[in-house]
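# Results of the structural survey
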Amino acid sequence: MKCAAKKRSRARACRSLLAALVLSGGALAGAGSAAAADQATPQRAPAAQCKGGQLTVSGTSGTGQARVTVVNKGPKACVLSGFPTIALAGQGAPDRNKPLSVSRTGSAKPVQLAVGGRAASQLTFPPVLGEADGYCASGAKPIAAPTMVVGVAGTKTQIAPSDGGNFAICGNSVRATAFRAA
C-alpha cells in the first residue's frame, strides 16, 4: 500500500493504517502468505511404531482388575496403539498357561510416547466370588495362576499380582481398555 497523500492529515492516517495492518499480522497479506509460512515450517515425520525392546511393561492389580503401564525407555519417541494380549501363566506349568480372549473396550487411537512417556490399559476380569477357593456365578470352576503374561508391541512380559497371591478369574475372557496416555 502506498501513502501518496498531499495533505498532512491524510498521510498521517495512511501511515497509521499501515502500522495497524503490520501489527495485526498483515490482514492484507491474504491466504497465500499463510500457506507460504506453513511450507516454510519444517514438517516432522511421524514417530515410528513402538517396539517391545524400547518399552518397559509393568502392572498393578486389585480384586478383579489390573492396570498395565507401558513406559518408553528410548532412544526415540514412538507411537503405541491398540490393546494388550493377556494370558494366565503357571510359571513353568504349561498345563496352567491359558490365553484369554480380550474384549476390547473403547476405540484404539495412536498414543505418542516421548522418551519416558507412559501409556496404560485397564484390565477387568470376571470376578471369583466368595473366600479362599471361591466360586463363579456361572457355576464354572475358577481359574487361578500366579502370573499373567501381557503382550505389548510384539513382546511379552510376565506380571505377578500386587498382593503376592494369584490372578483368579471366572471364564476365559478379560475386558481391556485401549492404551491411553498416562
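To start, this report covers the structure provided alongside it. Predicted model only: the values in this text are computed from it and were never measured.

Moving on: the overall build of the protein. When helices and strands are counted, the protein shows 2 helices and 14 strands. Among the 182 residues that make up the protein, the fraction classed as buried is 29%. Sequence separation of 24 or more characterises 69% of the internal contacts of the protein that already satisfy a separation of 6 or more. Here the protein displays about 11,400 Å² of accessible surface, and carbon together with sulfur accounts for 53% of that area.

Once that is clear, we can look at the sheet that holds strand β10 (residues 147–152). As summarised here, the arrangement of the 4 strands in space is β5-β4-β10-β11, forming an open sheet in which the pairing is antiparallel. Of all the strands in the sheet, just β5 (98–99) and β11 (155–159) have a single pairing partner and so form its edges. As judged from the 5 bridges shared by β10 and β11, these two strands associate in the antiparallel manner. By the bridge assignment, Val-150 is partnered in β11 with Thr-157.

Turning our eyes to something else, we now look at the environment of Ala-66. Position of Ala-66 relative to the elements: it lies in strand β2 (residues 65–72). Residue Ala-66 is classed as buried on the basis of its relative accessible area, which comes to 3%. For the pair Ala-66 and Pro-161, spaced 95 residues apart in the sequence, the C-alpha separation amounts to 8.3 Å. With sequence-adjacent residues up to four places away left out, Ala-66 is seen in contact with Thr-60, Ser-61, Ser-121, Gln-122, Leu-123, Phe-125 and Met-148.

This part takes up the nonpolar core. As a rule of thumb, soluble globular proteins bury nonpolar side chains together. Core analysis: the largest hydrophobic core is formed by 26 residues, its most contacted members being Leu-80, Leu-113, Leu-123, Phe-125, Met-148, Val-150 and Val-152. If near-sequence neighbours (up to four positions away) are discounted, Leu-80 is found in contact with Cys-50, Val-70, Lys-109, Pro-110, Val-111, Leu-113, Ala-119, Val-152, Ala-153 and Phe-179.

Thresholds applied
- In every chain, residue numbers begin from 1 and rise along the written sequence.
- This being a predicted model, a pLDDT of at least 70 is required before a residue's local features are given, and a value of 80 or more before pairs of side-chain atoms are given or counted; all residues contribute to the totals for chains, interfaces and linings.
- Side-chain measures were taken over the full set of non-hydrogen atoms in the model, leaving aside hydrogen atoms and water.
- Working definition: helices are DSSP H or I runs of at least four residues, strands are E runs of at least two. Numbering for both runs from the N terminus.
- The buried label applies to any residue whose accessible area, calculated with a 1.4 Å probe on protein chains only, is under 20% of its type's maximum; exposed applies above 50%, and partly exposed to all values in between.
- Every residue pair with non-hydrogen atoms within 4.5 Å of one another is taken to be in contact.
- Each accessible area is a Shrake-Rupley result for a 1.4 Å probe, and residues are judged covered by the shown protein chains and nothing else.
- The pairing criterion is simple: DSSP has to find at least two bridges between the two strands.
- The term nonpolar core refers to a set of buried residues drawn from Ala, Val, Leu, Ile, Met, Phe, Trp, Tyr and Cys, joined through side-chain atoms within 4.5 Å.

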